[in-house]
Amino acid sequence: MKQILRAYLLISLLAAALFSMLSFGYGAGYVYLYWRDWQIQTNIWFLLILLALLSLTGQLIWLAAKRYLSREQRKRENIFSFSKLHPYEQLAVVWLLNAAQDQRQFIQQAFSGSALLKGIMDARLYWMRQQYSDALAALNEASPMAFELAELQRIAVYLSQQDGEKALTHLEFLNQHELSPWLNNVSTAYAQRLTALWGQFALQFPWMYLRSTKYGHLDEAAKQAWLEQLLADFDQADPDGLQLLRERYEGLSGQIFSRSLKIKALWLKVLARMPEMSRAHEELAVHMLAQQFNQEVFYLWFQQQLLKQNPDYAEIEQHINAWESRYPALPVFSFAKWHVFEATGRRIEAQALLELYPDDALMSYLRIKSTLSGQDHLIKQLNLIFENNANFVEIKI
């Protein structure tokens with residue numbers, strides 16, 4: 001449609017220029033049409049414009065009719081071969097069925113004439129077949145106009161090669177790169193793809209992710225997965241990684257209190273493994289317990305209090321009583337009070353607590369621990385068994 005309009009506009013301009021030259025000094029001419037009782041007296045310009053409009057209208061009507069008849073014929077036609085489909089229909093089928101791996105030859109052929117996308121499509125097909133060197137070579141030949149798309153594919157290749165350093169470099173660059181104007185209409189999809197790559201990078205390289213210069217790359221699910229992976233790999237942390245983790249938490253401390261309960265709980269477990277962050281750990285735990293009771297959060301707070309050099313048992317008991325009045329009939333408060341009573345020499349009150357909640361796992365743990373009193377090697381084995389189901393919570397008390 002646009003091509004037809006442009007062609008008519010170009011021909012009209014050339015015709016107007018030609019007749020202007022021929023009419024110079026002779027006037028616009030005279031045209032007289034007579035048919036039955038109709039008479040039209042005008043000049044040559046009106047006749048030319050009328051003929052052009054009639055020609056354009058006729059061609060547009062013919063084009064619309066042709067498309068309609070073709071579409072109706074396609075509805076009635078039986079398709080027995082993929083090759084009989086129109087190219088855009090073939091591409092749609094490949095996209096709907098995610099069949100790029102099976103139809104890579106067709107895709108390469110379809111984009112062979114595209115100077116903009118040929119290199120990127122070739123690279124993606126190589127990447128799907130795990131031919132990473134060929135994929136990078138194809139990306140080096142990609143059009144500069146498709147720079148952002150090539151970079152997204154390049155990052156995917158580096159992640160597949162487990163090359164975190166290069167992946168981080170290119171992710172950081174794209175994060176501050178201004179999007180090309182021709183991609184503005186798909187800017188949301190571009191941002192989602194970039195976010196997904198950040199999430200994949202954080203999951204593969206949880207400690208290296210801390211070296212990123214800005215925050216906020218991850219969505220909620222990716223943040224949760226990253227923190228869980230960080231906890232799983234915590235024993236692999238080096239001093240530089242721990243320093244970056246402290247800096248990251250301090251940089252996010254103003255935002256973490258507004259995060260979801262799952263994210264805050266995971267951060268709390270991370271802080272529990274960093275003795276120098278005990279104050280931040282306590283603040284976050286108290287904040288979470290003021291909003292909603294969570295047994296794991298309470299246990300982490302309680303354990304952190306007992307591990308202090310000089311625990312303030314009176315203040316600890318005061319906190320427990322305040323929370324118990326707000327969240328009544330929870331076995332974990334009896335579990336905590338038992339430790340306080342034992343530490344302050346109130347053995348009779350501690351023993352009475354062991355009679356409560358016979359089916360609770362924590363109280364059963366205490367009953368076994370009390371029976372094994374003095375047998376430290378058995379208590380250590382008991383702690384190891386209990387930790388296997390504690391979801392990253394270490395038993396230190």
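Here the structure is a predicted model, which is why all the values come from computation and not from measurement.

Description of the pattern of salt bridges
Within the structure shown, the criterion is met by twelve salt bridges. A salt bridge links arginine 246 to glutamate 276, with the nearest nitrogen and oxygen atoms 2.4 Å apart. One end of the pair, arginine 246, is in helix H11 (residues 239-256); the other, glutamate 276, is in the loop between helix H12 (261-272) and helix H13 (278-291), and 30 residues separate them in sequence. Of the residues examined, arginine 246 reaches a relative accessible area of 19% and is grouped as buried. The partner of glutamate 317 in a salt bridge is arginine 346, and the shortest N-O contact between them spans 3.1 Å. With glutamate 317 in helix H15 (residues 313-326) and arginine 346 in the loop between helix H16 (331-343) and helix H17 (347-353), the pair connects residues that are 29 residues apart, well separated along the chain.

Observations concerning the packing of aromatic side chains
Inspection of the entire model under this criterion finds 18 aromatic pairs. The interplanar angle of 75 degrees and the centroid separation of 6.1 Å between the aromatic rings of tryptophan 226 and tryptophan 267 together place this pair among those described as edge-to-face. One end of the pair, tryptophan 226, is in helix H10 (residues 220-232); the other, tryptophan 267, is in helix H12, and 41 residues separate them in sequence. Overall, the relative accessible area of 3% leaves tryptophan 267 in the buried class. With a centroid separation of 5.3 Å and an interplanar angle of 45 degrees, the aromatic rings of phenylalanine 293 and tyrosine 327 are classed as tilted. Placement of the pair is phenylalanine 293 in the loop between H13 and helix H14 (295-306) and tyrosine 327 in the loop between H15 and H16, with a sequence separation of 34 residues. Pairwise contacts between aromatic rings join Trp198, Phe201, Phe205, Tyr209, Trp226, Tyr249 and Trp267 into one cluster. One Lys or Arg, arginine 36, reaches over the ring of tryptophan 35 and ends 5.7 Å from the middle of that ring.

Description of unusual backbone geometry
With a phi close to 60 degrees, glutamine 162 is a non-glycine residue in the positive phi region. Its place among the elements puts glutamine 162 in the loop between helix H7 (147-160) and helix H8 (164-175). Even without being a glycine, tyrosine 357 presents a positive backbone phi close to 50 degrees. Of note, tyrosine 357 is situated in the loop between H17 and helix H18 (361-371).

Parameters at a glance
- Residues numbered from 1 in each chain as written.
- Predicted model: local features only at pLDDT ≥ 70, side-chain atom pairs only at ≥ 80, totals over all residues.
- Heavy atoms only, no water.
- Salt bridge = Lys/Arg side-chain N within 4 Å of Asp/Glu carboxyl O.
- Helix = DSSP H or I, 4+ residues; strand = E, 2+ residues; numbered from the N terminus.
- Buried < 20%, exposed > 50% of the residue type's maximum accessible area, 1.4 Å probe, protein only.
- Phe/Tyr/Trp six-rings, centres within 6.5 Å; stacked < 30°, edge-to-face > 60°.
- Lys NZ or Arg CZ within 6 Å of the ring centre and 35° of its normal.

Coordinates in, geometry out; function isn't part of it.
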